[in-house]
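# Structural description and commentary
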Amino acid sequence: MPGNFSAMQLALLHRTRTRRGERFGRKLDTRFSETSSKQCGVVVPYNSCRRFHSQVHPHEFSCCTRSPHGIMTTGLVWFRRDLRLADNPALSEALARHDQIICVYIHAPDEEAPWQPGAASRWWLHHSLTALAEDLRECGSPLRVVKGESLATLRDLVATHKVDAVYWNRLYEPAAIKRDRTIKSVLRDAGTTTESFNASLLFEPWQVETGQGDPYRVFTPFWKRVLSLGDPRSPQPAPKALPPPTEIETDRLDDWRLEPTKPDWAGGMRESWTPGEA
């Protein structure tokens, strides 16, 4: 596959997950990144010294900490395909840095074109969101589900609820990268901090490249490069509690009609699969 990682390489890079809420079999375009990490020419693993990382990527760690003057700060966690509480870097970061947390899922399937979710993925999404909402409710915070354009929805939430920072975990399809870059730019220009994280790969694609900045095409040098990066970050535990909720309007998940009705072909899936976090 010229210009792309092989299936074996991607399989080795991609985390093996049995947690509910993950969508399997998505194509990764590893030649693009929504961040500018590749341009700086320095590779810093996620679990490296945060102060050093902030020097390398100052745009990724700006001004969003708990206020020293006792002012409440609010972080928004934008859930996408990471429908889980454990090992969720975006959620962990928001909890570490803010007094109030807003958890949101935005349903905008057309933004994933040409890889919009099919019928089976929509069935899985419905039950994964139901499970995530229950898990969040047990921790003391509701999940807001909103159908609409992602940027417009986020801008409205930021303005209405005085959100200081927005956090999400990265996607790697070209359409998602383009969208996320635009959202980062618009929100940052408006004074809102945005941070994105690796929640699905052992290492970022731009960390595993040849000296010319291209993906490896031969397994042995690829594997040597992976081993040279050391251990990936350790999985993070799920939070035991979340801050008190902020009142936000939410859609009814059933109104999205993600499940099949007539004919209802999902019986075998219900018997064989349990969507949600394991």
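Above this text you will find the structure in question.
Here's what I pulled together on the structure shown here. Everything quoted here is computed from the prediction, not taken from an experiment.

This paragraph deals with the overall build of the chain. Each helix and strand in the chain was counted, giving nine helices and five strands. Reading the chain from its N end, one meets helices and strands in the order α-α-α-β-α-β-α-β-α-β-α-β-α-α. When each of the 278 residues of the chain is scored for burial, the buried share is 50%. Within the chain, residue pairs in contact and separated by at least 24 positions form 85% of the contacts whose partners lie at least 6 positions apart. For the chain, the exposed area adds up to about 14200 Å²; of that, 54% sits on carbon and sulfur atoms.

For the rest of this paragraph, the subject is the packing of aromatic side chains. This structure, assessed with the given rule, holds eight aromatic pairs. Ring plane angle 25 degrees and centroid distance 6.4 Å describe the contact between Tyr167 and Phe197, whose orientation is recorded as stacked. With Tyr167 in strand S4 (residues 165–169) and Phe197 in strand S5 (residues 193–197), this residue pair connects regions lying 30 residues apart in the sequence. For Tyr167, a relative accessible area of 0% puts it in the buried group. Given the relative accessible area of 4%, Phe197 is considered buried.

Let us now look at the nonpolar core. Counting 25 residues, the largest nonpolar core has Phe79, Tyr105, Leu129 and Leu143 as the members making the most contacts within it. With five residues, the single largest contributor to this core is helix H5 (residues 119–138). Look past the residues within four positions of Leu129 in its chain and what remains in contact with it is Leu83, Tyr105, Leu143, Leu253 and Trp256. One finds Val104, Leu157, Val166 and Trp168 within the second-largest nonpolar core, a separate group that totals 15 residues.

The next subject is the sheet that holds strand S2 (residues 100–107). In a beta sheet, neighbouring strands are held together by backbone hydrogen bonds and run either parallel or antiparallel to one another. The five strands lie next to each other as S3-S2-S1-S4-S5, forming an open sheet whose pairing is parallel. In the strand order of this sheet, the two ends are held by strand S3 (143–147) and S5, each with one partner. For this sheet, the mean angle separating the axes of adjacent strands, direction not counted, is 25 degrees. Strand direction decides the pairing type here: S4 and S5, joined by five bridges, are parallel. Bridging across to S5, Ala165 finds its partner in Thr193. In the packing of helix H4 (residues 89–97) onto the sheet, the strands contacted are strand S1 (74–79), S2, S4 and S5, and the crossing angle to S4 comes to about 155 degrees.

What follows covers the side chain of Thr153. Note on placement: Thr153 falls in helix H6 (residues 150–161). Within the structure, Thr153 has its side chain in polar contact with the backbone oxygen of Glu149 (distance 2.8 Å). Apart from residues lying up to four places away in sequence, Thr153 is in contact with Ile106, Val146 and Gly148.

What counts as what
- Residues numbered from 1 in each chain as written.
- Predicted model: local features only at pLDDT ≥ 70, side-chain atom pairs only at ≥ 80, totals over all residues.
- Heavy atoms only, no water.
- Helix = DSSP H or I, 4+ residues; strand = E, 2+ residues; numbered from the N terminus.
- Buried < 20%, exposed > 50% of the residue type's maximum accessible area, 1.4 Å probe, protein only.
- Contact = heavy atoms within 4.5 Å.
- Areas by Shrake-Rupley, 256 points an atom, 1.4 Å probe, with all protein chains shown as cover.
- Phe/Tyr/Trp six-rings, centres within 6.5 Å; stacked < 30°, edge-to-face > 60°.
- Core = buried A, V, L, I, M, F, W, Y, C linked by side-chain atoms within 4.5 Å.
- Pairing = 2+ DSSP bridges.
- Axes fitted to C-alpha atoms, helices over the stretch in contact; angles between N-to-C directions.
- Polar contact = N/O pair within 3.5 Å; in protein donor to acceptor, adjacent residues only side chain to side chain.

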